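Report on the structure
Here are the chains, one letter per residue:
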Amino acid sequence: MASSLEDIASLIQNEGSSASADASDSAARQRRTELLAGVLETCQSAKQQGSPQLESIAKTLGDGSRDEAWRLPYGESGILGFFLQILAAEGISQGVLVHALRITGNSCADTEENRARVVEGNHILSIMRHLQNEKLIPYVIPVLFNILVDYEPAQKLASQSHLNKHLVSLLSSPSIQNFAPLITYFCKILSLLAQQDGEAAIASPLTVQVLLTLATSEPAASDVEDFISLVATAASYLANETFQLSLITDHHMDLLVTAFYNAQTQFDPEQIDDPETVTTLQQLCTSLLTTLADLSGNDAFPAHYPLDSSVPQSLLAWLRGAKPQLQAAACLALGNLSRSDEVSLALVQTHQAHIPLINLLSNPSATDSQQIYSALSFLKNLAIPAQNKPLLGEVLEATSVPRIMTIDTLPQVQFAAVSLARLLLVNCPPNAHRLCVPRSTDLSDEAAQHTSVHDILSLFSRSDAEPTKLEAARCISALCRVLHTTPVSPVLAEWVPSQDKEESLSPKPENISDDEKDSRVRALFYQNHELSKTLAFLVTQQKWPILRSEAWFVFALMARSQDGAAVIASTLVIPEVTDALSRAITGKAIDPESEEQQAKQIEATDSENLALPDGLGLQPQQVDPKQQANMAKVDRENCLVLCTEIVKKPSDNLTTPQLGLLQNLLKQGTELLQQENTASH
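Rules and cut-offs
Residues numbered from 1 in each chain as written. Predicted model: local features only at pLDDT ≥ 70, side-chain atom pairs only at ≥ 80, totals over all residues. Heavy atoms only, no water. Helix = DSSP H or I, 4+ residues; strand = E, 2+ residues; numbered from the N terminus. Contact = heavy atoms within 4.5 Å. Areas by Shrake-Rupley, 256 points an atom, 1.4 Å probe, with all protein chains shown as cover. Lys, Arg positive; Asp, Glu negative; His and termini not counted. Charge placed at Lys NZ, Arg CZ, Asp CG, Glu CD. Axes fitted to C-alpha atoms, helices over the stretch in contact; angles between N-to-C directions. Parallel < 35°, antiparallel > 145°, perpendicular 65-115°, else oblique. Left-handed = near helix turned anticlockwise from the far one by under 90°. Nonpolar A, V, L, I, M, F, W, Y, C, P; charged D, E, K, R; others polar. Buried < 20%, exposed > 50% of the residue type's maximum accessible area, 1.4 Å probe, protein only. 1 Å grid on protein atoms, 1.4 Å probe; cavity = no way out; pocket = protein on both sides within 12 Å on 5 of 7 lines; lining within 4 Å. Points joined across faces, edges and corners; volume = space filled by probe spheres on them. Polar contact = N/O pair within 3.5 Å; in protein donor to acceptor, adjacent residues only side chain to side chain. Phe/Tyr/Trp six-rings, centres within 6.5 Å; stacked < 30°, edge-to-face > 60°. Salt bridge = Lys/Arg side-chain N within 4 Å of Asp/Glu carboxyl O. Expected span 1.5 Å × (residues − 1).

This brings us to the overall build of the protein. Per the secondary structure count, the protein includes 39 helices and 0 strands. Long-range contacts, defined here as pairs at least 24 residues apart, represent 74% of the contacts in the protein between residues at least 6 apart. Total accessible area on the protein is roughly 30,500 Å²; 49% of this is exposed by carbon and sulfur atoms. Both charge centroids of the protein, one from 46 positive and one from 79 negative side chains, sit 3 Å from each other.

Right under this line is the structure:
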């Protein structure tokens, strides 16, 4: 039976939540659905007759749709379906359309059954078509949001229906200010679309540009909520490589840089009343840092943004500034740019990017761990080219990286610090000198003999983190390599004995060679630095064979001098080291039961005859990481050189059985090597 307008109004008012507050009450819901049958008939009749009363009925039903109790009955009775058909029809008055949209949006709010009806009937398009009418946009946008939010099928259909292009077109239109209050809804919808598979392929290529342009322009640039919504939505699209590449190649990176800068500087969290907004802003800043890292790390970035262009220049300005978050971001982005030697050299030698970093790391009041870690990581990239190493050496002064290595509350920062120190040490005597300089020139005072090398050794002993211990050990190994491959006096200048002390030495300085002088200086340095446990770690660890091979090479280099042989001998006292040595030479562990026999053997052997046969002509050699198949052979040869030198230069650190063990390993290894050489010819 058809109902009058008055009957409909009474029905909606009296049979809603006031009659039964529980919207899930199935009996009450069924009753409401049945009562709406007459209302649907009235609606259909009014439409057929073109009656102006349809708008009044629609308004009444629209008001009722705000009551949760009517949402499912509207869908089950066909009321929702009727007004969805109205939205698809031509020639409908704007008033009816407004209320049809209200009914649709409210009926779908938190109601998946009605959302499913919209999707199954493919009504998204009929709703979207009304985005062409600016007067209806304030209704259409919330309706679309209510249909899409928390309902994946609707989001997928909307994406496939190219909703993105319609929304981006509106956001870029001159009339955007007419619906500026809806910006956050636009962004919420776009963020839902961005999560859909295939969205990147069909979305407007201008999406990110339009969003960031709005975010960095007034009034959104000064409205924290609109700013967050626009930039966060842009970031969600920039998670896709298609949009990343487009932003770079279309030269719109300045927009992102400006947005990042504004996010960090434009809004004072203490002036924002809503704590949730403060949290959201902080989350946005974190998200943007990831986005900036992705973009600056894109292979296309350097070609489109050379160092003298606007974006890198902005980053360099941040680097020289005082805001920790901007400095950290600049380090991250410029660090990505510095992956090539050419750029790294230019950053240091032309743009002086290292100076603010060194100033930061030398400042004890700088406590922001992210800022410090980012600076160290950036410097690690800059430290790779050999020409940069001496220019970065100031960071190895006691107040900088060595100081940071003593801060146990920042283990991640400690790792970055010792890793940077290692990179700066590699084949760079001036930097090795910085680490070896005593804190005081009075070497008679034991406390004054403290050096930054002591800080590295101390970090190795204190740290429980294997990567940190490994970097500390590699740092010491790199230092030893410098000391045994370059002139010693410039590196250990402060350790050269004074003239008075030299006169007391025997033999007299004028009667010894330069190599022996170098050995005496190194010996004095080694006496004040216990290296054995740290070096032992490199050859006993099992995770990184290439690093173990590097260590055997350095050991072989050191063993050629009396002072170095003494250090290696003290390392070989550690059982795990001799076991690793045995495995490197013979491929198997030591047999403990043979120690007594080896001790007897050494007594009857002339140590001068324990060298490798001249025909083998072995010298310390470095492993080529690209030829790992050859690693075991090179390890064996380096270890044989090591054993030969140690046995020729007996140390008080080694017992007779230990010397016997080395002799036995030397004998076995020589035989294996000769067999290999014979087989290869």
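Attention shifts here to the side chain of Q264. Examined against the element boundaries, Q264 turns out to sit in helix 17 (residues 253-265). Apart from residues no more than four positions distant in its own chain, Q264 is found in contact with C285, K323, Q325 and L326.

This part covers the packing of helix 24 (residues 369-382) against helix 26 (residues 411-425). Running from N to C, helix 24 and helix 26 cross one another at 20°; their axes reach a closest spacing of 9 Å. Taken together, the axes of helix 24 and helix 26 are roughly parallel relative to one another. You can see that helix 24 and helix 26 cross each other, and the crossing is left-handed. Between helix 24 and helix 26, the contacting residues are S369, I372, Y373, L376, L379 and K380 on the first element and Q412, V413, F415, A416, A417, S419, L420 and L423 on the second. Within the contact of helix 24 with helix 26, the residues separate by chemical class into 10 nonpolar, 3 polar and 1 charged.

The next subject is helix 22 (residues 341-349). Listing the buried residues of helix 22 in full gives V343, S344, L345, L347 and V348. Those residues of helix 22 that are buried are in contact with helix 20 (310-320), helix 21 (324-337), helix 23 (354-361) and helix 24.

Here we take up the environment of A366. Take A366: it is sitting in the loop between helix 23 and helix 24. Since its relative accessible area comes to 13%, A366 is described here as buried. Put simply, A366 and P650 are 284 residues apart on the chain and 50 Å apart in space, counted from C-alpha to C-alpha. With near-sequence residues (within four places) excluded, A366 lies in contact with L360 and I372.

With that settled, the discussion passes to empty space enclosed by the protein. Over the atoms, a rolling probe the size of a water molecule traces out where space has been left empty. Summed over the entire model, instances satisfying the criterion amount to 1 cavity of 30 Å³ or more. Its volume calculated, the largest cavity comes out at about 40 Å³. Together, P205, V208, Q209, F243, S246, L247, D250 and H252 line the largest cavity. Of all the secondary-structure elements, those providing two or more residues to the lining of the largest cavity are helix 14 (207-215) and helix 16 (241-249). Element by element, the count of residues in the lining of the largest cavity is highest for helix 16, at 3 residues. Here the residues of the lining of the largest cavity are counted per class, giving 4 nonpolar, 3 polar and 1 charged.

Now for the environment of D63. Mapping D63 onto the fold places it in helix 3 (residues 53-64). Sequence separation between D63 and R102 is 39 residues, and the spatial gap between their C-alpha atoms is 8.2 Å. Here R102 takes part through its side chain, which lies 2.7 Å from a polar atom of the side chain of D63.

Let us now look at the packing of aromatic side chains. Under the criterion given, the structure shown has 13 aromatic pairs. Judged by centre distance (5.1 Å) and plane angle (25°), the rings of F301 and Y305 are stacked. By the burial criterion, F301 is buried, and Y305 matches it. Aromatic pair F460 and F537: ring centres 5.5 Å apart, planes at 75°, arrangement edge-to-face. Within this pair, whereas F460 is found in helix 28 (residues 452-462), its partner F537 is found in helix 33 (residues 532-540), the two being separated by 77 residues in sequence. No difference in accessibility class separates F460 from F537, as the two residues are buried.

One pass over the structure, following the stated rule, counts 18 salt bridges. Between E471 and R474 there is a salt bridge, with its nearest N and O atoms 3.4 Å apart. Of this pair, E471 and R474 both sit in helix 29 (residues 466-483), 3 residues apart, which is roughly one turn of the helix. What makes E471 buried here is its relative accessible area of 6%. Residues E671 and K667 are paired through a salt bridge, measuring 3.0 Å at the closest nitrogen-oxygen approach. Placement of both E671 and K667 in helix 39 (residues 656-680) is noted, with a separation of 4 residues, approximately one turn of the helix. Here E671 falls in the partly exposed class, since its relative accessible area comes to 35%.

This next bit is on helix 21. Note on helix geometry: an α-helix contains 3.6 residues per turn, so any two residues three or four positions apart are oriented the same way. With 14 residues, helix 21 ought to run about 20 Å at 1.5 Å a step, and its terminal C-alpha atoms sit 20 Å apart, in line with that. Taking burial as the measure, the 14 residues of helix 21 include 11 buried ones, the bulk of the element. When helix 21 is considered as a whole, its buried residues turn out to be L326, Q327, A328, A329, A330, C331, A333, L334, G335, N336 and L337.

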